[in-house]
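Architecture and fold: a report
Letter by letter, the chains look like this.
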Amino acid sequence: MGIGYKNHLMIKRLILSIVLFVFYNDITAQKSTKALSFELGKTGIIFNLNYDQKFSKFGFRVGVGSNFDKYLKAITFGGGLFYLMGKEKSFFEAGAELNYLGIEKFSDDQKRGISLVYPNYETKTFLANINLGYRVYSKKLLFRIGASPCVTKNEFIPGGYISIGLVL
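Given the structure is predicted, the values throughout are model-derived calculations rather than measurements. (Residues numbered from 1 in each chain as written. Predicted model: local features only at pLDDT ≥ 70, side-chain atom pairs only at ≥ 80, totals over all residues. Heavy atoms only, no water.)

**Points about the packing of aromatic side chains**
A full pass over the atoms with the stated rule returns eight aromatic pairs. These aromatic residues form a ring-pair network of at least three members: Phe38, Phe47 and Phe68. Between the NZ or CZ atom of lysine 42 and the centre of the ring of tyrosine 161, over which it lies, the distance is 5.2 Å. Lysine 54 extends its terminal NZ or CZ atom over the ring of tyrosine 137, reaching a point 5.4 Å from the ring centre. (Phe/Tyr/Trp six-rings, centres within 6.5 Å; stacked < 30°, edge-to-face > 60°. Lys NZ or Arg CZ within 6 Å of the ring centre and 35° of its normal.)

**Examining the pairing of strand β4 (residues 72-87)**
Relative to β4, strand β3 (residues 58-66) is paired through nine bridges, and the arrangement is antiparallel. Looking at the pairing, phenylalanine 60 lines up with leucine 81 of β4. In this antiparallel pair of consecutive strands, β4 and strand β5 (residues 90-105), the connection spans two residues, and glutamate 88 shows a positive phi of 55°. (Pairing = 2+ DSSP bridges. Helix = DSSP H or I, 4+ residues; strand = E, 2+ residues; numbered from the N terminus.)

**Considering the pattern of salt bridges**
Counted under the stated rule, the structure contains nine salt bridges. Arginine 61 is the salt-bridge partner of aspartate 52, the closest N and O atoms lying 3.0 Å from each other. Per residue, the accessibility class of aspartate 52 equals that of arginine 61, and both read buried. Between arginine 144 and glutamate 93 there is a salt bridge; the shortest N-O distance is 3.1 Å. On the criterion of sequence distance, the pair formed by arginine 144 in strand β7 (residues 141-147) and glutamate 93 in strand β5 is long-range, its members being 51 residues apart. The class of arginine 144 is buried, set by a relative accessible area of 0%. Shared partners join several salt bridges into a network, and the residues in it are Glu39, Lys42, Asp52, Arg61, Glu93, Glu97, Arg135 and Arg144. (Salt bridge = Lys/Arg side-chain N within 4 Å of Asp/Glu carboxyl O. Buried < 20%, exposed > 50% of the residue type's maximum accessible area, 1.4 Å probe, protein only.)

**Comments concerning the layout of surface pockets**
Put simply, the largest pocket is a space of about 250 Å³. Lining the largest pocket are 13 residues, and of these Lys31, Ser32, Thr33, Lys54 and Lys89 sit closest to its centre. Of all the secondary structure elements, the ones that give two or more residues to the lining of the largest pocket are β1 (32-42) and β2 (47-55). Class assignment of the residues belonging to the lining of the largest pocket gives a composition of four nonpolar, four polar and five charged. (1 Å grid on protein atoms, 1.4 Å probe; cavity = no way out; pocket = protein on both sides within 12 Å on 5 of 7 lines; lining within 4 Å. Points joined across faces, edges and corners; volume = space filled by probe spheres on them. Nonpolar A, V, L, I, M, F, W, Y, C, P; charged D, E, K, R; others polar.)

**Observations concerning the nonpolar core**
Formed by Ile46, Leu72, Ala74, Leu101, Ile103, Leu127, Cys150 and Ile157, the largest nonpolar core amounts to eight residues. Those elements giving two or more residues to this core turn out to be β4 and β5. Within the second largest apolar cluster, seven residues are counted, among which are Ala35, Leu84, Tyr137 and Val167. (Core = buried A, V, L, I, M, F, W, Y, C linked by side-chain atoms within 4.5 Å.)

In structure tokens, the structure reads:
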């Protein structure tokens, strides 16, 4: 089961847009805080690696992730924007993201308990999700926790995340 030409082209455009946005903001940023973080969550137990950049109250995040499962493999990548409300180092975070989610099943005869990825069937789709959570910065660390429900073209997927990262 391959990715169709339209989806393949859309993925390339999304990646190019994210890369251009990152470089543009890096060049034009006056005072910003950058972080590289490890995140657990979103659509189940998926391990994500994110690059995060904050300018005063706004910022963006791009990331990639996988569940590293042997029989039901999930990969995700994408990015989004966020707005911060708070003072100094502690913030309420509200944001929106667009992520690609690809789930492939490699074995039908494996009996498993509860699936740690949602949805737990083969799919290749884009997810629009919102992030509502708490974010705190220390001198060298970034910590985030929150809810991140997703919407595809035909279903609602509940989600959440916890993240810790290094301030660069």
